[in-house]
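Each chain, written out:
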Amino acid sequence: MAQIGIYGLGTMGSALALNLAEHGFDVAVTNREVDWIAPFIEEAGDLAARLTAEERLEAFVAALGVPRVILLMIPSGAPVDAMLAQITPLLDPGDIVIDGGNADFHDTRRRADMLSENGLHFVGLGVSGGEAGARHGPSMMMGGSAEAWAALEPILTAIGARHEGVPCVAHLGPDGAGHFVKTVHNGIEYADMQIIAEIYGLLRNGAAFSPPEIADVFAGWNAGPLRSYLVEITAEVLAARDPETGHPVVDVIKDAAGQKGTGRWTVIEALRLGQSASVIEAAVGARGWSSEKETRQAAETVLGGAVGAITASPEVLAEAFLAARMLAYAQGFRVMAAASDEYGWALDPAQIARIWRAGCIIRAGMLDTIADAFAGGAPRGELILVPEIARDLALRLPALRQVVAEAVHSGHAVPALSGALAWYDTMRRGHGTAALIQAQRDRFGHHGFERLGQAGRHHGPWRD
Ligand code: 6PG
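As the structure is a prediction and not an experimental result, all values here were calculated from the model. Numbers given for residues are sequential positions, taken from 1 along each chain in its written order. Residues qualify for local features only when their pLDDT is at least 70, as the model is predicted, and side-chain atom pairs are given and counted only at 80 or more; totals for whole chains, interfaces and linings, by contrast, use all residues. Think of the side-chain values as coming from all heavy atoms in the structure, minus any hydrogens and water.

(A) A look at the overall build of the protein. Counting its secondary structure elements, the protein contains 19 helices and 12 strands. Throughout, radius of gyration means the C-alpha value; the globule benchmark is 2.2 Å times the number of residues raised to the power 0.38. In terms of C-alpha radius of gyration, the protein reaches 25 Å, essentially the compact-globule figure of 23 Å for 464 residues. Seen through its C-alpha atoms, the protein measures out along the principal axes to roughly 70 × 65 × 45 Å. When each of the 464 residues of the protein is scored for burial, the buried share is 52%. We call two residues in contact when some of their heavy atoms are within 4.5 Å. Once local pairs closer than 6 in sequence are excluded, the contacts in the protein between residues at least 24 apart make up 69%. By definition, any uninterrupted DSSP run of H or I lasting at least four residues is a helix, any uninterrupted run of E lasting at least two residues is a strand, and each is numbered from the N terminus. Here's how the labels work: a residue is buried when its accessible area is under 20% of the maximum for its type, exposed when over 50%, partly exposed in between, all with a 1.4 Å probe on protein chains only.

(B) Expanded view of the site of the ligand. Being near a molecule or strand, for a residue, means having at least one of its heavy atoms within 4 Å of it. Residues in contact with the ligand amount to 13 residues; listed here are only the nearest, Ser-128, Glu-189, Tyr-190, Lys-260 and Arg-287. Lys-260 has a polar backbone atom sitting 2.7 Å from an oxygen atom of the ligand. A 3.5 Å cut-off defines polar contacts: any pair of N or O atoms within that distance qualifies, except that in protein one atom must be a possible hydrogen donor and the other a possible acceptor, and neighbouring residues in sequence count only when both atoms are side-chain atoms. Between the ligand and the protein, one listed contact pairs an oxygen atom with a side-chain N or O atom of Arg-287 at 2.8 Å. The protein chains shown are the only cover counted for residues, whose accessible areas, like all others here, come from Shrake-Rupley with a 1.4 Å probe. In isolation the ligand exposes 420 Å². Once the protein is present, 80% of that is buried. Sort the elements by how many residues they give to the shell around the ligand and helix H8 (residues 177–206) lands first, with 5 residues.

(C) How the structure looks around the sheet that holds strand E7 (residues 139–143). Here, a strand pair is defined by DSSP locating no fewer than two bridges between the strands. One open sheet accounts for 8 strands, arranged E3-E2-E1-E4-E5-E6-E7-E10; its pairing is mixed. Each edge of the open sheet is held by one strand with a lone partner, namely strand E3 (51–53) and strand E10 (169–173). For this sheet the average axis-to-axis angle between neighbouring strands, irrespective of direction, equals 25 degrees. Pairing between strand E4 (residues 69–72) and strand E5 (residues 96–99): 4 bridges, direction parallel. In the strand pairing of E5, Ile-70 is matched with Val-97. Between N-to-C directions, angles span 0 to 180 degrees; the directions come from axes that are lines fitted to C-alpha atoms, helices contributing only their stretch in contact.

(D) Focus on the pattern of salt bridges. Here, a salt bridge means any Lys or Arg side-chain nitrogen found within 4 Å of an Asp or Glu carboxyl oxygen. This structure, assessed with the given rule, holds 23 salt bridges. Among the ionic pairs, Arg-68 bridges to Asp-92, the shortest N-O distance being 3.0 Å. One end of the pair, Arg-68, is in the loop between helix H3 (57–62) and E4; the other, Asp-92, is in the loop between helix H4 (78–87) and E5, and 24 residues separate them in sequence. Residue Asp-92 is classed as partly exposed on the basis of its relative accessible area of 36%. Note that Arg-401 and Asp-425 form a salt bridge whose closest N and O atoms lie 2.7 Å from each other. With a gap of 24 residues between them, Arg-401 in helix H17 (residues 387–410) and Asp-425 in helix H18 (residues 415–427) connect regions that are remote in the sequence. Classification of Arg-401 by relative accessible area gives partly exposed; the value is 32%. According to the relative accessible area criterion, Asp-425 is partly exposed, its value standing at 21%. Through salt bridges with shared partners, one network takes in Asp-81, Asp-99, Asp-107, Arg-110 and Arg-111.

The structure is reproduced here in structure tokens:
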């Protein structure tokens, strides 16, 4: 009998099936389009011996040992609900259904509730690392019951990534906890990518570096404190040439970024929880602006698109990048802490930082520092208040200020870098300007305000 079944043989599902087979698990597989199944088995080569392919859902379910473990690797949203409606009547109490897609955690919570009525465990599993990760070791963020984790832990830790021997797979909390942490992972991914794009833009348009020259800068950074998967692939991408034209590949790609929703969900949830993850917000917004290509082209004619020179050296840009990246992580962890309180998940930020150190898209040297900082107990749960991090930020802030100031002065858009700086400058002031907003609210709407050092709700002297 198969130890696990995978429904969905797209890129991620196929790669996970092969990863499981390679680690000695017997895997049942099936797919909605049945004609995908035979070519997949053929490509599996020797690993096919561990794969049981079934075309019918009933046969797929019957091929599984009990309790059954079924991993759905299908598009998120309505297809998952449709699949659950089909498959749950074939299952028995104690069986486990895993959604390995990028699902909205609200859906995951609803589905977990729904399946629990039949004694079934529904697991929301965040899987990061793209196709290569899925095939050779992804980082995995599990949300679900302790019983489901007990059954899944041996399987997931066998196929997951490891950082210096430590598995990058963990049970983070119940129901939607895993999918939410994966959503914030993607929000941070958006932020890091936007910071990189802004720095690329400053070097390219403000300092006249060519793509191969910028590739060298990023390759150099990848050997230091900025070491990360996204910096590594940025160097690779910028060095690549288009075989058709001989131009740098980056110059033949339309400058309109896609997005499937996870970055936006992070921002929506942050705002719902009364927060603002300004770097992630900037990154999501910038993707939206990027896709308005025609409007930008029209505006360039009307408004003028010239930008001035940037004198900040790659060394200064690296310091600014480090500061902004840390602030983006700090914001992501704040959103997770707020959601953890709201939904009673008891997320452990040190554990999250640890499982992001390998396998996932945002894996970065900096996560070691972050994991240690949380393990040591961050004051008020805030990374920016951890003494070593506060010290590093203070050292790097002059560079971030210089880069943002030069960019603003010369007309380069740096929404993520400036969003990071605005948040830092807001948080470092114990006394801000919101007293005026409170006074205005009271003036026009009698909303009342708190007085410093006095309990109760008060009003200003402007009432008639
Ligand atoms: C990962 C990635 C992965 C995928 C995102 C990209 O962790 O492996 O985040 O989940 O690449 O869906 O999202 P966008 O299409 O929204 O950029």
